[in-house]
Structures are given as C-alpha cells and as structure tokens.
Amino acid sequence: MDFNVKKLASGAGLFFTRAVQFTEEKLGQAEKTELDAHFENLMSRADCTKLWTEKIFRQTEVLLQPNPSARIEEFLYEKLDMKAPSRATNGELLGQYMQDAGKELGAGTPYGNTLMIVGECESRLGAAEREFLQTSAISFLAPLRNFLEGDWRTISKERRLLENLRLDLDACKARVKKAKAAEAKAAAAPDFQDTRPRNYVLSASASALWTEEVEKAEHELRVAQTEFDRQAEVTRLLLEGISSTHVNHLRCLHEFVEAQAAFYKHCHHHMQELQKELCPDLPGSVPTEADTLKIEEVQAPATGTRKAKVLYDYDAADSSELSLLADELITVYTVPGMDSDWLIGERGNQKGKVPVTYLELLS
C-alpha cells in the first residue's frame, strides 16, 4: 500500500511538473527545446499523410457502401470480431425482382420476356459490383485502415512520449539554471562590516548546500537529455517510415484503379450486349469489334509487327482479348478497321486484342 501511495505521489508530482513547464512555455516564461528542421518536416508530413489518408478512407467507404446503416452494421461486426452476413447488391436484387416478375407475368409475353432478359443483365451487373467491392475492400481499404489503426497509433504514442520527455528535459534545465543562480548568490562575498563568525559559517554552509543541489540537478539533466535523445531517435525512425507507407499506398491505389476500370469495362460490355439483344436495329447499337473482327481469322502482316513490353497485368474480358502479365514481351500489330485504342497481340500460339495503354512499344 505504501509503495502504491509513493508511486501515485511520484506520478502526480511528475504530472504537475510537466503541467507547470507547459503553462510557463505558453506564457513565454520558460525556454523550450526546439526540434531540428528535418524532424519538424517529418512530423508535418506524417500529420498531412494521416489527415488525407483518413479523408480518402472515409469517402471510399461512402463510395463503396452509400448506406450509412449498412456501414455501421459492418463496423459493429468488425469490432465484435464476427463475420458480417452476406448482402446482395442493389443490382442483384433488382435483377432477381425483374426475373421473378417476368415469370409471373409470363415469359412468353413481350413484356415478361424483356423483364427476364434485363433482369439477367442486372444480375450480372450486380455480380460485377460485388466483385469490385470485395476487391477494393481488400486491396485498398484494408491497407489504409491498417495504417490508421496500426502504424499511426504507434507514431502518435511515441510522439506523446517524446513531448513528455521534452517537458521533463526543459524542467531539468530550468532547475539547473535556478540552482546555479542560487549558488552564485550564496557564494557572493559576505558583508565585511558584519564580522560575526556565525554569518561566515552560515554563508559557507548555504554555499555547500547549493553546490550539492546544482550537482544533483545537473545529473538529472544528463539523464533527461539521454532519455530525450533516445526517444527522439525512435520517433524519427518511425516518421521516416512514412515514405514506405506512401509507396505501399501508391501500389494499393494502382490496384484500386485497375479494379474500378475492370468493373466499368464489364458493365459497359454487359450493357452493350443487352442493347444489341433488345434493340438490334437501334442507331446507337453499333456492332462491337468482337462482332466484326474474328480473331482466329486475323493473320499477322508480313511487315509492321513490333515488340511490346506489358506494363500492367490485364485480364481478358472475353475470348477476343488476350490476357497479359506485367513485364512480359509480346508481338503486336494493327489490322484495318480496328479501333486505335487496341492492337492485336500474339504470344506463342495465343492471339487476341490488347489495350494500347497497357503496353510500351519497343523500337
């Protein structure tokens, strides 16, 4: 019990000392140890990274799940370490309702048949959305959350500890300064008009006491300086790790863009197919390359082929396209009437359309 009381009293005294030092600094009555410019820049960059990572994370959550109630439900399941129940996307629900309506109204009627066709397309769109949501949550949201809930909490903890040690250091500096001033005052020449021996004895005793107090304060200052320097180095290493965080988040951002591009491409493809099926003679329903260009019948020209390096992985959307792996080399060429955004790519016996933006053409 005595130990706990002493410990509590010691902690309260330390807290009071820090509070006094902090207050005096704010009032301009005490000196403050300033960190070097490089350290300040590291802290500023870390604060900026945390601020914008948090904003991007929150807004991405809204983009992927606009329903706030659903987001709160997912948050609670996550905090309770429970798996959230599977939830159908809005597109899948709409598709299911349309197909059920088509069956009820009669699949043989024009309206019922169209409901069945559109409902099937909506279900495919919903499935594509589900895949996009899952991919984005794993490849983009999870790393941002890990930074905010893991790395940043560690950095904040170490920065708070550094600030406390900085207050302790400055308080020690103030005590040393006061002790030296008192020592100098006590060591000052006594008044020779007062020749009583007792005064000389008292003056010498006070001087000795203040000398001892200065030595004690200087020892505490050296200890505080050592602890502060050690903590500053630990904090600096953590802050410099923000550069690695940027590299990791950059990679995650690329993955998010790839997932989003693939999602919209699949949606576009599904809607074109639906449009052709419903309105084959509609002016806006232009046949796609896959309809006018038969890949298996395309032959490489005698001249005009080039080598190309693949910049990013690419998954073929249909049988007319060729899947790609980053850094591989393929042969590419154009054919008459082909969209300028695409080329024909060949890899061994495999052949198909490839997007130009995924390639670096070599001379």
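Just so you know, these numbers come straight off a predicted model, no measurement behind them.

1. Let's talk about the sheet that holds strand 5 (residues 359-361)
Phase 1 of the analysis: Pairing is antiparallel in the open sheet, where five strands are placed in the order 4-3-2-1-5. The sheet terminates laterally at strand 4 (350-355) and strand 5, the two strands that pair on one side only. Sheet twist, expressed as the average angle between the axes of neighbouring strands with direction ignored, equals 40 degrees.
Phase 2 of the analysis: Relative to strand 4, strand 3 (residues 342-347) runs antiparallel, the two being bridged by six bridges.

2. As for the UniProt feature "coiled-coil region" (unreviewed entry) in the protein
Phase 1 of the analysis: Listed under "coiled-coil region" (unreviewed entry) in the UniProt record, and renumbered for this structure, are residues 155-182 and 207-234.
Phase 2 of the analysis: In residues 155-182, the share of helix is 100% and the share of strand is 0%. The end C-alpha atoms are 41 Å apart.

3. Topic: the nonpolar core
Phase 1 of the analysis: F132 and L239 are the most contacted members of the largest nonpolar core, which totals 36 residues.
Phase 2 of the analysis: Only helix 2 (37-64), helix 5 (110-186), helix 6 (197-240) and helix 7 (242-278) provide two or more residues apiece to this core.
Phase 3 of the analysis: Among the elements that take part in this core, helix 5 stands out by supplying 18 residues, more than any other.
Phase 4 of the analysis: Apart from the residues lying within four places of it in its own chain, the contact partners of L239 are F39, L42, M43, R45, A46, I155 and R159.
Phase 5 of the analysis: Of all hydrophobic cores here, the second largest spans 16 residues; its members include V332, L343, V354 and Y358.

4. Section: the packing of helix 2 against helix 7
Phase 1 of the analysis: Where helix 2 contacts helix 7, the axes come no closer than 12 Å and their chain directions differ by 20 degrees. Here helix 2 lies roughly parallel to helix 7, going by the angle between them. Considering the relative orientation of helix 2 and helix 7, their crossing is left-handed. On the side of helix 2, the interface is formed by R45, A46, T49, T53 and L63, while helix 7 contributes I242, S243, H246, H249, F256 and Q260.
Phase 2 of the analysis: Looking at the contact of helix 2 with helix 7 residue by residue, the class counts come to four nonpolar, six polar and one charged.

5. Quick look at the environment of I138
Phase 1 of the analysis: Position of I138 relative to the elements: it lies in helix 5.
Phase 2 of the analysis: Residue classification places I138 among the exposed positions, given a relative accessible area of 64%.
Phase 3 of the analysis: In sequence terms I138 and C252 are 114 residues apart; their C-alpha atoms lie 9.5 Å from each other.

6. Quick word on the pairing of strand 3
Phase 1 of the analysis: Across three bridges, the pairing between strand 2 (residues 329-333) and strand 3 is antiparallel. Of the residues in strand 3, the one forming a bridge with T331 is E346.

7. A few points about helix 2
Phase 1 of the analysis: Here helix 2 is 28 residues long and its end C-alpha atoms lie 40 Å apart, about the 40 Å a rise of 1.5 Å per residue gives.
Phase 2 of the analysis: Within helix 2 the residues assigned to the buried category are F39, L42, M43, A46, T49, T53, F57, T60 and L64.
Phase 3 of the analysis: A distance of 3.1 Å separates the backbone nitrogen of H38 from a side-chain oxygen at the start of helix 2, and that oxygen is part of D36.

8. Thoughts on a negative patch on the surface
Phase 1 of the analysis: Side chains of E131, D313, D315 and D327 sit close together on the surface and give a patch of like negative charge.
Phase 2 of the analysis: Given a relative accessible area of 48%, D313 falls into the partly exposed group.

Criteria and cut-off values
- Residues numbered from 1 in each chain as written.
- Predicted model: local features only at pLDDT ≥ 70, side-chain atom pairs only at ≥ 80, totals over all residues.
- Heavy atoms only, no water.
- Pairing = 2+ DSSP bridges.
- Helix = DSSP H or I, 4+ residues; strand = E, 2+ residues; numbered from the N terminus.
- Axes fitted to C-alpha atoms, helices over the stretch in contact; angles between N-to-C directions.
- UniProt positions renumbered as here; feature names shortened; annotations may be inferred.
- Core = buried A, V, L, I, M, F, W, Y, C linked by side-chain atoms within 4.5 Å.
- Buried < 20%, exposed > 50% of the residue type's maximum accessible area, 1.4 Å probe, protein only.
- Contact = heavy atoms within 4.5 Å.
- Parallel < 35°, antiparallel > 145°, perpendicular 65-115°, else oblique.
- Left-handed = near helix turned anticlockwise from the far one by under 90°.
- Nonpolar A, V, L, I, M, F, W, Y, C, P; charged D, E, K, R; others polar.
- Expected span 1.5 Å × (residues − 1).
- Polar contact = N/O pair within 3.5 Å; in protein donor to acceptor, adjacent residues only side chain to side chain.
- Patch = residues over 30% accessible without salt bridge, like charges linked within 9 Å, V, L, I, M, F, W, Y side chains within 5 Å.
- Areas by Shrake-Rupley, 256 points an atom, 1.4 Å probe, with all protein chains shown as cover.
- Salt bridge = Lys/Arg side-chain N within 4 Å of Asp/Glu carboxyl O.
- Lys, Arg positive; Asp, Glu negative; His and termini not counted.
- Charge placed at Lys NZ, Arg CZ, Asp CG, Glu CD.

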